[in-house]
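Residue-level structure breakdown
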Amino acid sequence: RKEVEQDPGPFNVPEGATVAFNCTYSNSASQSFFWYRQDCRKEPKLLMSVYSSGNEDGRFTAQLNRASQYISLLIRDSKLSDSATYLCVVGLTFGNEKLTFGTGTRLTIIP
Amino acid sequence: DVKVTQSSRYLVKRTGEKVFLECVQDMDHENMFWYRQDPGLGLRLIYFSYDVKMKEKGDIPEGYSVSREKKERFSLILESASTNQTSMYLCASSSKRGNTDTQYFGPGTRLTVL
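Keep in mind it's a predicted model, so treat the numbers as computed, not measured. (Residues numbered from 1 in each chain as written. Chains lettered and ligands numbered in written order. Predicted model: local features only at pLDDT ≥ 70, side-chain atom pairs only at ≥ 80, totals over all residues. Heavy atoms only, no water.)

**Re the interface of chain A and chain B**
Note the threshold: Note on contacts: a residue pair is in contact if any heavy atoms of the two residues lie within 4.5 Å. For any pair of parts, buried area is found by adding up, for both, the accessible area (1.4 Å probe) each one loses once the two are put together. One side-chain nitrogen of Lys or Arg within 4 Å of one carboxyl oxygen of Asp or Glu is enough to make a salt bridge. Between N or O atoms, a polar contact is any pair within 3.5 Å; within protein, one atom must be a potential hydrogen donor and the other a potential acceptor, and residues adjacent in sequence are included only when both atoms are from side chains. Numbered from the N terminus, helices here are DSSP runs of H or I no shorter than four residues, and strands are runs of E no shorter than two. Classification used: nonpolar for Ala, Val, Leu, Ile, Met, Phe, Trp, Tyr, Cys and Pro, charged for Asp, Glu, Lys and Arg, polar for all others including Gly.
Of the residues lining the interface, 18 residues belong to chain A; the matching set on chain B comes to 25 residues. Counting the surface lost from both chain A and chain B, the interface buries some 1700 Å², and carbon and sulfur atoms represent 51% of this. Where chain A meets chain B, there are zero salt bridges. One can count two residue pairs in polar contact (both at pLDDT 80 or more) joining chain A with chain B. Among the elements that take part in the side of chain A that touches chain B, strand β4 (residues 32-38) of chain A stands out by supplying four residues, more than any other. Its residues assigned to classes, the side of chain A that touches chain B comprises eight nonpolar, five polar and five charged.

Here it is in structure tokens:
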């Protein structure tokens, strides 16, 4: 079983729609959780950290369910510029050493 | 502003050549990482370093070595390049200070081994 699993997609979504991604992780001792965004032929960049209480940043909402070991990302009112690959990332400890990356979910927003 | 730079965006080498990939960060970060990214496999950790002259194997260290002589610089070495090392190589850095776990990535080096 992969340490971090994501649906690779692609998700083709009309502009303005709401889209949600899930990600599952295998190590119940994991402590830190993130969503990164990667544009085509670019490096990954942090989109948002995921906290136990859930957190929101504008149109983006991230949630963590420790009991079921999954993380979700919700994008509301999607824009063309949201087209990218979204990487689910999990760390075993705070202290910022090893992170494990999912293979990513590809999202295309259609005009 | 956060900056991680890599020595080359594109590199073409021949089988058996020794290859050096350089990464420099200007954020005084303690931790530095080398990943490779392949379609369908995602980012896989090759080596990382949490201090000068320190190194730890990641998930796929075979065929690679690293060097960290200065805090800002982390080098990846392919002693004898092989075609299965054709990939996108990404360097990242992060800080142990504060409570942020963010890794910052360089633009990547696309290596082709012929």
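**Side note on the environment of A:R106**
Residue and element names in this part refer to chain A. Topologically, R106 is positioned in strand β11 (residues 105-110). C-alpha of R106 to C-alpha of Q69: the two residues are 37 residues apart in sequence and 21 Å apart in space. In contact with R106, not counting residues within four places along its chain, are P8, G9, P10, F11, A84 and T85.

**Re the sheet that holds strand β7 (residues 65-70) of chain B**
Residues and elements named next belong to chain B. Definition in use: Two strands form a pair only when DSSP identifies at least two bridges running between them. Here, axes are lines fitted to C-alpha atoms. For helices the fit covers the stretch in contact, and angles between N-to-C directions go from 0 to 180 degrees.
Taken together, four strands build an open sheet; the order of strands is β1-β3-β8-β7 and the sheet is antiparallel. Lying at the two open borders of the sheet, with one neighbouring strand each, are β1 (4-6) and β7. With direction set aside, neighbouring strand axes in the sheet form an average angle of 20 degrees. Taken together, the three bridges between β1 and strand β3 (residues 19-25) define a ladder with antiparallel strand orientation. Bridge assignment links V4 to a residue of β3, and that residue is Q25.

**Points about the pattern of salt bridges**
All names here are of chain B. Note the cut-off: Buried, partly exposed and exposed residues are distinguished by accessible area as a fraction of the type maximum, computed with a 1.4 Å probe on protein chains only: under 20%, between the cut-offs, and over 50%, respectively.
The final tally for this structure, using the stated rule, is ten salt bridges over all chains. Two residues, K18 and E79, come together in a salt bridge whose shortest N-O distance is 3.5 Å. Of the two residues, K18 is situated in the loop between β2 (10-13) and β3 and E79 in the loop between β8 (73-78) and β9 (87-94); the sequence distance between them amounts to 61 residues. For K18, a relative accessible area of 44% puts it in the partly exposed group. Residues K71 and D28 are paired through a salt bridge, measuring 3.0 Å at the closest nitrogen-oxygen approach. Taken together, the residues K71 in the loop between β7 and β8 and D28 in the loop between β3 and β4 (31-38) connect sequence positions 43 residues apart.

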